[in-house]
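Chain by chain, the residues run as shown.
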Amino acid sequence: MSHRISIIAGLAGAVLVAGGACTDRTPVTSPGTDNAAVAAPPVSPPSARRPDRLARMFAKALKNQAFRAYLKAQLDASPYREHKLQFETFLGASGGRALRQIAAENGTTKDAIAEEAKEAIALEIYFPVPEHRTAWTGDENVLVATAVTDREAPIAFDVQGRRGLLDPDTPPATPVIAIVPVETDFSLVPQRLICMDDCGGGGGGGIPGPYPTATAPGLYMTKSHFVQDFEGWLKGSPEFEVQILGQKNQSDSLISYQCAGEHAGGPYTFDQNNLDWSGSVLLFSKGQLDQYNTAHPGQNIRVFVVEDDDTACQIKTDPDRFQRLILRVDSLYNRLTTGNDSSTVIKKYYGYAKAAYNVWQALASFFKSNDELVGNAVEDRIVGSFYPGYNWFVKGENTVTNGWINLVMY
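Bear in mind the structure is a predicted one, so any value in this text is a computation, not a measurement. (Residues numbered from 1 in each chain as written. Predicted model: local features only at pLDDT ≥ 70, side-chain atom pairs only at ≥ 80, totals over all residues. Heavy atoms only, no water.)

## Re the pairing of strand β2 (residues 123-126)
So the rule is basically this: Each residue is placed in one exposure class: buried if its accessible area under a 1.4 Å probe, protein chains only, is under 20% of its type's maximum, exposed if it is over 50%, and partly exposed if it falls in between. Segments assigned H or I by DSSP are reported as helices when at least four residues long, segments assigned E as strands when at least two residues long, and all are numbered from the N terminus. Note on pairing: DSSP must find at least two bridges between two strands before they are called paired.
What you see with β2 is no split at all: L123 and I125 on one side and E124 and Y126 on the other are buried throughout. Sheet topology note: the strand β1 (residues 85-86)/β2 ladder contains 2 bridges and is antiparallel. In the sheet register, Q86 faces β2, and the bridge partner there is E124. Note: β2 against strand β6 (residues 176-181), 4 bridges, orientation antiparallel. Residue L123 lies in a different strand from β6, and its bridge partner there is P181.

## Overview of helix α2 (residues 65-77)
We count it as follows: For a helix, the expected span equals 1.5 Å multiplied by the number of residues minus one. The contact rule is simple, with two residues in contact once any of their heavy atoms fall within 4.5 Å. The definition of a polar contact used here is a pair of N or O atoms within 3.5 Å, where within protein one atom must be able to donate a hydrogen and the other to accept one, and adjacent residues in sequence count solely through side-chain atom pairs.
Between the first and last C-alpha of α2 there are 18 Å, a value that for 13 residues agrees with the 18 Å anticipated at 1.5 Å per step. Turning to α2, its buried residues are F67, R68, Y70, L71, K72, Q74, L75, D76 and A77. The secondary structure elements touched by the buried residues of α2 are α1 (52-61), β1, α3 (87-106), β2 and β6. Between the side-chain oxygen of the N-cap and the backbone nitrogen of A66 there are 2.8 Å, and the N-cap of α2 in question is N64.

## Some remarks on the sheet that holds β6
Either a parallel or an antiparallel arrangement is found when strands of a sheet pair, and the pairing is made through backbone hydrogen bonds. The condition that has to hold: Fitting a line to C-alpha atoms yields each axis, with helices limited to the stretch in contact; the angle taken between N-to-C directions then spans 0 to 180 degrees.
Reading across the sheet, the 6 strands line up as β1-β2-β6-β3-β4-β5 and stay open at both edges, with mixed pairing between neighbours. Unpaired on one side and paired on the other, β1 and β5 (163-165) mark the two borders of the sheet. Each of β1, β2 and β6 touches α2; the most contacted strand, β2, lies at about 100° to it.

## A few points about the pairing of strand β11 (residues 302-307)
Burial of β11 is extensive: 6 of the 6 residues sit out of reach of the surface. A two-sided burial pattern is seen for β11, the buried positions comprising R302, F304 and V306 on one face and V303, V305 and E307 on the other. Sheet topology note: the strand β8 (residues 240-247)/β11 ladder contains 6 bridges and is antiparallel. The residue of β11 that forms the bridge with V242 is V305. In this structure, β11 lies alongside strand β14 (residues 372-379), joined through 4 bridges in antiparallel fashion. Each bridged residue has a counterpart across the sheet, and for F304 the counterpart in β14 is N376.

## Quick word on the sheet that holds strand β16 (residues 401-409)
A sheet is described by the order of its strands in space; here 8 strands give the open sequence β9-β8-β11-β14-β15-β16-β7-β10, paired in antiparallel fashion. In this open sheet, the two strands that pair with only one neighbour each are β9 (254-260) and β10 (276-285). Averaged over all pairs of adjacent strands, the angle between their axes in this sheet comes to 35°, without regard to strand direction. The pairing of β14 with strand β15 (residues 392-395) spans 4 bridges and is classified as antiparallel. Counted as the bridge partner of V378 is F393 from β15. Relative to the sheet, helix α6 (residues 286-295) contacts β7 (218-226), β8, β9, β10 and β16, its axis offset from that of β10 by approximately 50°. Against the sheet, helix α7 (residues 319-332) makes contact with β8, β9, β11, β14 and β15, and its axis sits at roughly 20° relative to β14, the strand it touches most.

## Description of the pattern of salt bridges
This is how it is decided: Counted as salt bridges are all cases of a side-chain nitrogen of Lys or Arg within 4 Å of a carboxyl oxygen of Asp or Glu.
Enumeration according to the criterion identifies 19 salt bridges in this entry. Residues E116 and R49 are paired through a salt bridge, measuring 3.2 Å at the closest nitrogen-oxygen approach. Here R49 lies in the segment before α1 and E116 lies in helix α4 (residues 110-119), a separation of 67 residues in the sequence. Of the charged contacts, one joins R50 and D52 as a salt bridge, the two residues approaching to 3.3 Å between their closest N and O atoms. What makes R50 partly exposed here is its relative accessible area of 36%. A cluster of three or more residues bridged by salt bridges with shared partners is formed by R81, E82, K84, E124, E239 and E262.

## A look at the nonpolar core
The nonpolar side chains of a soluble globular protein tend to be buried, and buried together. Heads up, the condition is: Throughout this description, the term nonpolar core refers to a set of buried Ala, Val, Leu, Ile, Met, Phe, Trp, Tyr and Cys residues connected via side-chain atoms within 4.5 Å.
Of all hydrophobic cores here, the largest spans 35 residues; its most connected members are F58, L62, L71, F87 and F90. Looking at this core, the elements that each hand over two or more residues are α1, α2, α3, α4, β2, β4 (155-157) and β6. A per-element tally of this core places α3 first, with 8 residues. Those residues in contact with L62 that sit more than four places away from it in its chain are F67, R68, L71, E140, V142, V144, V159 and I177. The next biggest cluster of nonpolar side chains, apart from the first, holds 29 residues, and it includes V242, L283, V305 and V394.

Right under this line is the structure:
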């Protein structure tokens, strides 16, 4: 990805230094243990603070060469995607080594640092730009940045503690360590990453094989392409998910019947970290579809794509925003915006169907958060346009095309 250089007020300029991506890795440890599994991220307290003060203290601690080396080793060792660390776990690891070093560089106590972290929103730490992680050799040429919402201008600090604002759309040339609200499920420890040609961790394609085979009957997605990542650069690579939405009971509300994504589990698992993905992922089994059709005769399902900024496989967004999107797409395409099994004895096929009711109450479980609404899938025949290799358009807000997916029935 090509980036223009941003000018940062009040921060020292820096030049990227080439560095190796594949290094020996020291295991990440939990507080008070040597090799314990990493704990699940804590839930943010209701009155949780922004992490700005923590980010500044953390940046000032990076004046210490030993602390920089320790941080780099822990980030390199992380088995999680993008080499993320759970912030509080990192602070308490190795007998509270990071707590002691941050406290010493800021003229305070480790208990004060621990309390500050406890009162902040749940956080993770990592290099959101793979090129930054590769370039950083453990020197002072680094910034620490934080932001709470997706398109917020990141607040950044250099190792002297000087504050500035970064461009929310384009990262600077200087390597940036992000301390941001947690997105990763740290309770599930993945297999250790294998360092091949590139240790960037933000790449494309799906999960390491094998992909689920198409032997189980159902609706599958085999390809997807989106026009943007719907993710501010400080939040790292995107987390695209596909939700199967349908009628809740006999009401005019929708609920999600199945999610496919990185943390969905089983044959519903796929991991799209850039604009393109190909493979084979189950979205809704034939059994699920038959059961839905029996319980909701005459109703159909929506294939809806989100970029999940918060809890995996739980859509969290403004319900009014969602409802406006659905109503506009429904209106433009005469409510032919849902689908169902249209197979014949000759051919398996998932085709368009009519939404049998207006969505007056949107999705019952929605509430305001930061998830991006990529859009509602509409078959190409209904759109009246075709995109090679794909058969469904993903229509977002104002009915713009945000991407294309290929859906098949097996």
